[in-house]
Amino acid sequence: MRIVKDNVGASWEKRGNTAWLECPACRNWFPVGPVMLRAEAPAAHCPQCHHEFNTAAREPRSGGE
Amino acid sequence: MSDLHRFLAEQATAVWDIDAPVDPRHELTALQHELDRAGRHPILLARQIRNLRGEPSGIPVVTNLTASRTLTARALGIPDHRDTARWFATRSRASIAPEVIAHDDAPVQQIVWRGAEASLHRLPVLTQHSGEPGPYLTAAHATTFDPDSGVDNTAIQRCWVQSAQRMTWFPYPTTHNMRNLRKFWDRGEPCPVAFWIGHHPAVLLGTQAKLRYPESHWGAAGGVLGAPLRVVPSLTHGEKIMVPADAEIVIEGFAPPGVYSADGPFGEYTGYLGAQVQSPVFDVTCITMRRDAIYHDYGSGLTDMLVPDNMAMEGKVYEIVKAVAPSLVNVHVPTEGRRFHAYLQLRNPGRGEARDALTAALAYRRLKTVIAVDEDVDIFSPEAMLWAVATRVQWSRDSIVIDGLSGSGLDPSIPEGASTASKMGIDATLPPPPRPGAPRAVPPVATVPEAAMRRAQALLQTAGDTDWPAE
Ligand SMILES: [Zn+2]
């Protein structure tokens, strides 16, 4: 499973606010809110293949993959 | 007595009864996108459609019910849609108590599915946009109650049908339904809920009024309807949760304590696919409906949902701004701004009044850009609004930027981690005259004489059907 998220930057720089997860089963990428990356979050649910997987333990990598 | 059936019969010429099979996955939504692009807003009725078991649905689907402002205003009894703000400001405050009727007299309880029969898969629930995990109820009004006071609350909240008897339920964290849910969960109890679907548009808009907590929405619905709303005790929760007796379908059950599921992505009012979040889940105990039930769907992020929502907002913004700026005459919340833009029309505002009006409107959580104009600018015309902004604004003098006001977490441009928004007011009014009765010290608008305009209109009528370029 991979996570993509924008870098943290200066307040005057435009940055995106949405993290993307890659489904480990079907490789589909989908957007998730910050709540889904918290330790107590329910399993993420791939909207394409319906695979469920945990994201909580994973630290998102900033900038690219 | 008002219901969806009566409204469809009254507006028969505006209904497109689609005489072809339509796939509940994406096809009706695609049709709504095409119609929005073309600026055409018929009500869509699909009878040749399948339920979630893949069987022909005995229950037709209606959507695009409120995509037309003209039609929606007519449903409310407003002769001209441009009068919505003032009408709503007075009507939704006039509360009319609901009328409780017996189970046997309630159309919505004519058919009752219980136990395994109470399957969400028997309904023709649509999947709207690419990237969504499955079918969503988009016109389900969730009714809960406050366990402390017993007062009920109602709001439209989306539900993802995950299995025959379980769906997610997304009450946004700041909503009154979420407060009710938390109270039950804090006691370790499941939260009782009834979702009702399908009604006369006046009832749909009436229940969307923004009220205090706790305060029942039935009175406001009656106020908008101009008559008491007929309600009936739900079968699962009895008198603790009443449901509209003339609704089409009711889904009853409980949200089990502490159980969350992934929910989304889902196409939001912003026009973007909202990210996956966590939601409570809801387990079905029974489903009731009319013998001739119609399933209602709102095209999320389309005019179908924006029009009624924004019309109700116009009333609320009018009330807020009128309190500080008596020169306010009208408000428009245009669909092209989603819920983020409001246009205020002022009649001869005094010094400072336009800026007072802008600041008051910006305090409304959903709004992000507010533009104030004079009475000569048509706030229902995007061209006229841009003309006023182009010709009556010096940015450093006439714009107000305020950071850190409450905003929408669904705003795609909001910085990560921010819980507030940066907002802007634009004063596009003309300066007041130097003294009362004097002309304003600005160049006049270029016009032609009335008689010449009338002659031009008459001449144009003689041209008949033409093939002239539109751009
Ligand atoms: Zn997958």
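Not measured: the values here are computed from a predicted model.

Q: Help me understand the confidence of the model for chain B, please; the structure alone is not making it clear to me.
A: The predicted coordinates of low-pLDDT regions are not to be read in fine detail. Considering every residue of chain B, the mean pLDDT works out to 95; 100% of them sit at 70 or more. Taken over the whole predicted complex, pTM reads 0.94, whereas the ipTM for its chain interfaces reads 0.90.

Q: Is there a simple way to think about the packing of helix α8 (residues 303-322) of chain B against helix α9 (residues 353-362) of chain B in this case?
A: Geometry of a packed helix pair, given as the angle between the helix axes and the separation of the axes. Residue and element names in this part refer to chain B. Contact geometry for α8 and α9: axes closest at 9 Å, N-to-C directions at 130 degrees. Accordingly, the angle class assigned to the pair α8 and α9 is oblique. The handedness of the crossing between α8 and α9 comes out as right-handed. Of the residues in α9, those touching α8 at V317, I320 and V321 are A357, A360 and A361.

Q: Would you explain the interface of chain A and chain B in this entry?
A: Accessible area lost upon the coming together of the parts is a frequently used measure of interface size. Contacts between the two partners involve 17 residues from chain A, matched on the other side by 19 residues from chain B. Linking chain A to chain B there are one salt bridge. Between K5(A) and E416(B) there is a salt bridge; the shortest N-O distance is 3.0 Å. Listing elements by their share of the side of chain A that touches chain B, those giving two or more residues are β3 (29-32) and β4 (44-45) of chain A.

Q: Just to check I follow, could you spell out the domain arrangement of chain B for this structure?
A: Residues and elements named next belong to chain B. Here chain B is partitioned into domain 1 (83-297) and domain 2 (323-427). For domain 1 and domain 2, the distance between their C-alpha centres works out to 32 Å. Between domain 1 and domain 2, the residue contacts involve nine residues of the former and twelve residues of the latter. Ranking the residues of domain 1 by area buried against domain 2 places Y172, Y269 and T270 at the top, with a combined share of 53%. Linking domain 1 with domain 2 are four residue pairs in polar contact (both at pLDDT 80 or more), by the criterion used here. Taken together, the residues that form the side of domain 1 that touches domain 2 break down as four nonpolar, two polar and three charged.

Q: Got a minute to help me understand the pairing of strand β11 (residues 191-197) of chain B in this structure?
A: Side-chain positions along a regular strand alternate between the two faces of the sheet. All names here are of chain B. Counting buried residues in β11 gives seven out of seven residues, a clear majority hidden from the surface. By the alternation rule, side chains of β11 split into C191, V193, F195 and I197 and P192, A194 and W196, which are all buried. Across four bridges, strand β7 (residues 140-145) lies against β11 in antiparallel orientation. Residue pairing in the sheet places A142 in a bridge with F195 of β11.

Q: How should the sheet that holds strand β12 (residues 230-234) of chain B be read in this particular structure?
A: To summarise the sheet geometry, strands pair through backbone hydrogen bonds and adopt either a parallel or an antiparallel arrangement. Residue and element names in this part refer to chain B. If you walk across this open sheet you meet the three strands as β4-β12-β13, and the pairing is mixed. Whereas interior strands pair on both sides, the edge strands pair on one side only; in this sheet they are β4 (99-100) and β13 (238-244). Bridge count between β4 and β12: two bridges; the pairing is parallel. When the bridges of β12 are listed, E99 appears paired with R230.

Q: I tried to follow the coordination of the zinc ion on my own but got confused; where do I start?
A: Reference values for coordination geometry: four tetrahedral donors around a metal ideally subtend 109.5 degrees, six octahedral donors ideally subtend 90 or 180 degrees. All names here are of chain A. Of the protein atoms, only C23 (SG), C26 (SG), C46 (SG) and C49 (SG) coordinate the zinc ion, at distances of 2.2 to 2.4 Å. Coordination geometry of the zinc ion: the four donor atoms subtend angles of 105 to 114 degrees at the metal centre, consistent with an arrangement described as tetrahedral. In primary sequence terms, the donor set of the zinc ion follows C-x2-C-x19-C-x2-C. Of this pair, C23 sits in the loop between β2 (19-22) and β3 while C49 is found in the loop between β4 and β5 (52-53), placing the two residues 26 residues apart along the sequence. Among the residues examined, C23 registers a relative accessible area of 0% and is labelled buried. Assessed through its relative accessible area of 32%, C49 is described here as partly exposed.

Thresholds, definitions, all that
- Residues numbered from 1 in each chain as written.
- Chains lettered and ligands numbered in written order.
- Predicted model: local features only at pLDDT ≥ 70, side-chain atom pairs only at ≥ 80, totals over all residues.
- Heavy atoms only, no water.
- pLDDT = per-residue confidence, 0-100.
- Axes fitted to C-alpha atoms, helices over the stretch in contact; angles between N-to-C directions.
- Helix = DSSP H or I, 4+ residues; strand = E, 2+ residues; numbered from the N terminus.
- Parallel < 35°, antiparallel > 145°, perpendicular 65-115°, else oblique.
- Left-handed = near helix turned anticlockwise from the far one by under 90°.
- Contact = heavy atoms within 4.5 Å.
- Salt bridge = Lys/Arg side-chain N within 4 Å of Asp/Glu carboxyl O.
- Domains from an automatic or database assignment.
- Buried area = accessible area lost by both parts, 1.4 Å probe.
- Polar contact = N/O pair within 3.5 Å; in protein donor to acceptor, adjacent residues only side chain to side chain.
- Nonpolar A, V, L, I, M, F, W, Y, C, P; charged D, E, K, R; others polar.
- Buried < 20%, exposed > 50% of the residue type's maximum accessible area, 1.4 Å probe, protein only.
- Pairing = 2+ DSSP bridges.
- Donors = N, O, S within 2.8 Å, 3.2 Å for Na, K, Ca; no water.
- Tetrahedral: all angles 85-135°; square planar, octahedral: opposite > 155°, others 65-115°.

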